[in-house]
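Read off the chains here:
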Amino acid sequence: MRQILFATDFSACSEEARRVARDYAWQLGARIHLLHVVWPTADPTPKPQLQALAAEFGSDVPVVTAVESGMPVAERIVDYAERHAIDLIVLGTHGRTGVSRVLIGSVAERVVRTAPCPVLTVPCRLRRGPDEAPAAALPAYHCPVCARPSEDLICEPCRARIRGEALERKRREEQGR
Amino acid sequence: MPKRILVPLDLTPESRSVLPLVAEMARGGGAAVRLLHVAPVPGSVGGIDGRVVAYADQETERLEAEATDYLRTTASVAGLAGEIVVRFGEPAHEIVREAEAFGADLIALAARSGGPLSRLVLGSTSEQVCHRTDVPVMVYRPRHGRA
């Protein structure tokens, strides 16, 4: 097992999967392909978010980042796996989430059905052994302005900056009048 | 790497196809492996004249012995040393329960390549397991498999 594909949507659920993917890659001496699939109309250049995530794997695991654009997502993931001779696909799933799993779990399910290799699905609420410390609260959300992990809709520095800019504009308008 | 791997197997060759992969992972991380077979709950076996030939408990014993033998042979062929467990009931349910009891951190199984219709109607065991457990699940589909 030399090539591990980790497909991410940057959600908190894929964070558990990232931990598992890193662990497997490190133990098996495998390379991580970090893949993000975007809408066909979206900009296919790698986002800073992807680079930040790649950095989280640390220096002892080789990481390749990739952005694929197109729909459906599952098809793009499988297609990437085929082209790069991937040995294992790691995906986060939303686990036991009642009704919403019908809507959300479908990407993972489609990948499992069509993948050319084994697929490891990691539930969001991963059960831990008693000897493991509970994971630190993971940043579930990334600020859409600076792409840094944030607990708020827009992170504090960005909010301050935007507010400052707005005030500045208002003042200039008032001066101009 | 996983430390406790649960491997559900039915008695088909397809389901065995996951074993080389499990063996590789178990060797890599020194993991404990438990092989699980889930059989349907047996009823009493009746003869043609309506008399009971084997009672449910006898039938259970027979099935358990049979499956245990099969799993032991399968494991040794694959070069796996592990515990062997036979349970009776609905497969997905028993697999999820066994994973909890074993403290598994990986469930590794081969998915049968059922047609689209059967999936629509039944949903495969592997999918049901994925939905019901909090343990990572590795699904291997032999029809696509590279060695």
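Here we summarise the structure given alongside this text. Predicted, not measured: the structure shown is a model, and the values here were computed from it.

How each quantity is defined
- In this numbering scheme, every chain counts its residues from 1 along its sequence in written order.
- Each chain is given a letter, starting from A, and each ligand a number, starting from 1, according to the order in which they appear as written.
- Residue-level local features of this predicted model are given only where pLDDT is at least 70; pairs of side-chain atoms are given and counted only at 80 or more, and the full residue set underlies all totals for whole chains, interfaces and linings.
- Where side-chain values are given, they derive from all heavy atoms of the structure, hydrogens and water being excluded.
- Helix and strand definitions follow DSSP, with helices as H or I runs of at least four residues and strands as E runs of at least two, each counted in order from the N terminus.
- Whether two residues are in contact is decided by their heavy atoms, any of which lying within 4.5 Å being enough.
- Working definition of accessibility: Shrake-Rupley area with a 1.4 Å probe, residue cover restricted to the visible protein chains.
- In this description, buried area is defined as the sum, over both parts, of the accessible area (probe of 1.4 Å) that is lost when the two are combined.
- Here, a salt bridge means any side-chain nitrogen of Lys or Arg that lies within 4 Å of a carboxyl oxygen of Asp or Glu.
- Only Asp, Glu, Lys and Arg are considered charged in this grouping, and only Ala, Val, Leu, Ile, Met, Phe, Trp, Tyr, Cys and Pro are considered nonpolar; every other residue, Gly among them, is considered polar.
- Pairing between strands is defined by DSSP: at least two bridges between them are needed.
- Fitted lines through C-alpha atoms serve as axes, helices being fitted only where they are in contact, and the angles separating the N-to-C directions of these axes extend from 0 to 180 degrees.
- Burial here depends on accessible area, computed with a 1.4 Å probe over protein chains only, as a share of the maximum for the residue type. Under 20% is buried, over 50% is exposed, and the range in between is partly exposed.
- Any pair of nitrogen or oxygen atoms within 3.5 Å is treated as a polar contact; in protein, a donor-acceptor pairing is required on top of that, and neighbouring residues in sequence qualify only through side-chain atoms on both sides.
- Under the pairing criterion, centres of Phe, Tyr and Trp rings, with the six-membered ring standing for Trp, must be within 6.5 Å; the plane angle then separates stacked pairs below 30 degrees from edge-to-face pairs above 60, leaving the rest tilted.
- In this analysis the charged atom, NZ for Lys or CZ for Arg, is taken to sit over a ring once it is within 6 Å of the ring centre and within 35 degrees of the ring normal.
- By convention a nonpolar core is built from buried Ala, Val, Leu, Ile, Met, Phe, Trp, Tyr and Cys residues, the set being connected through side-chain atoms within 4.5 Å.
- In this scheme, a helix's expected span is set at 1.5 Å multiplied by one less than its residue total.

1. As for the overall build of chain B
Counting its secondary structure elements, chain B contains six helices and seven strands. N-terminal to C-terminal, the α/β element order of chain B is β-α-α-β-β-β-α-β-α-β-α-α-β. Residue pairs in contact within chain B that sit at least 24 positions apart in sequence constitute 76% of those at least 6 positions apart. In the structure as shown, chain B presents an accessible area of about 7300 Å², 56% of it carried by carbon and sulfur atoms.

2. As for the interface of chain B and chain A
One frequent convention defines the size of an interface as the accessible area lost when the parts assemble. The partner chain A presents 28 residues to the 29 residues of chain B that form the contact. Taken together, both faces of the contact between chain B and chain A bury some 2600 Å²; the carbon and sulfur share is 51%. Across the salt bridge formed by B:E127 and A:R113, the nearest N and O atoms sit 2.9 Å from each other. The set of elements that each furnish at least two residues to the side of chain B that touches chain A consists of α2 (19–29), α4 (91–102), α6 (125–132) and β7 (137–140) of chain B. Here the side of chain B that touches chain A is composed, by residue class, of 14 nonpolar, six polar and nine charged. One ladder, built from three bridges, connects strand β5 (residues 119–123) of chain A with β7(B); its direction is antiparallel. Bridge pairing in β7(B) places A:V119 opposite B:V139.

3. A word on unusual backbone geometry
Despite not being glycine, A:A85 shows a phi value in the positive range, around 50 degrees. Residue position: A:A85 is located in the loop between α3 (73–83) and β4 (88–93).

4. Describing the sheet that holds strand β2 (residues 32–39) of chain B
Pairing within the open sheet is mixed, and its ten strands lie in the order β3(A)-β2(A)-β1(A)-β4(A)-β5(A)-β7(B)-β6(B)-β1(B)-β2(B)-β5(B). With partners counted over all chains shown, the strands left at the sheet margins are β3 (63–69) of chain A together with β5 (83–88) of chain B, one partner each. Ignoring strand direction, the axes of neighbouring strands in this sheet form an average angle of 25 degrees. Bridge analysis of β4(A) against β5(A) gives five bridges, and the strand direction is parallel. Opposite A:T93, over in β5(A), you have A:P123 as the bridge partner.

5. Details of the side chain of B:E127
Looking at where B:E127 falls in the secondary structure, it is placed in helix α6. On the basis of relative accessibility, which here comes to 9%, the residue B:E127 falls in the buried class. Here A:R113 takes part through its side chain, which lies 2.9 Å from a polar atom of the side chain of B:E127.

6. Structural notes on the packing of aromatic side chains
Enumeration according to the criterion identifies one aromatic pair over all chains in this entry. It is A:R18 that lies over the ring of A:F57; its NZ or CZ is 5.6 Å from the centre.

7. Considerations on the nonpolar core
Core analysis: the largest hydrophobic core is formed by 46 residues, its most contacted members being A:Y24 and B:I5. Setting aside residues up to four positions removed in sequence, A:Y24 forms contacts with A:I4, A:L88, A:L120, B:M1, B:P2, B:M25 and B:L106. Counting residues in each nonpolar core, the second largest holds 37 residues, with A:V37, A:I77, A:V119 and B:V85 among its members.

8. A few points about helix α1 (residues 12–28) of chain A
In a regular helix each residue adds 1.5 Å, so 17 residues correspond to 24 Å; α1(A) covers 25 Å between its end C-alpha atoms and thus fits that length. A:G29 sits one or two residues past α1(A) and shows a positive phi near 65 degrees.

9. Details of the environment of A:R18
Residues and elements named next belong to chain A. Here R18 lies in helix α1. Distance in space between the C-alpha atoms of R18 and E56 is 9.2 Å, their sequence separation being 38 residues. Ignoring sequence-local partners within four residues, the contact set of R18 consists of F6, L53, E56 and F57. In terms of polar contacts, R18 uses its side chain to reach the side chain of E15, at 3.1 Å.

Just distances and angles here, no functional claims.
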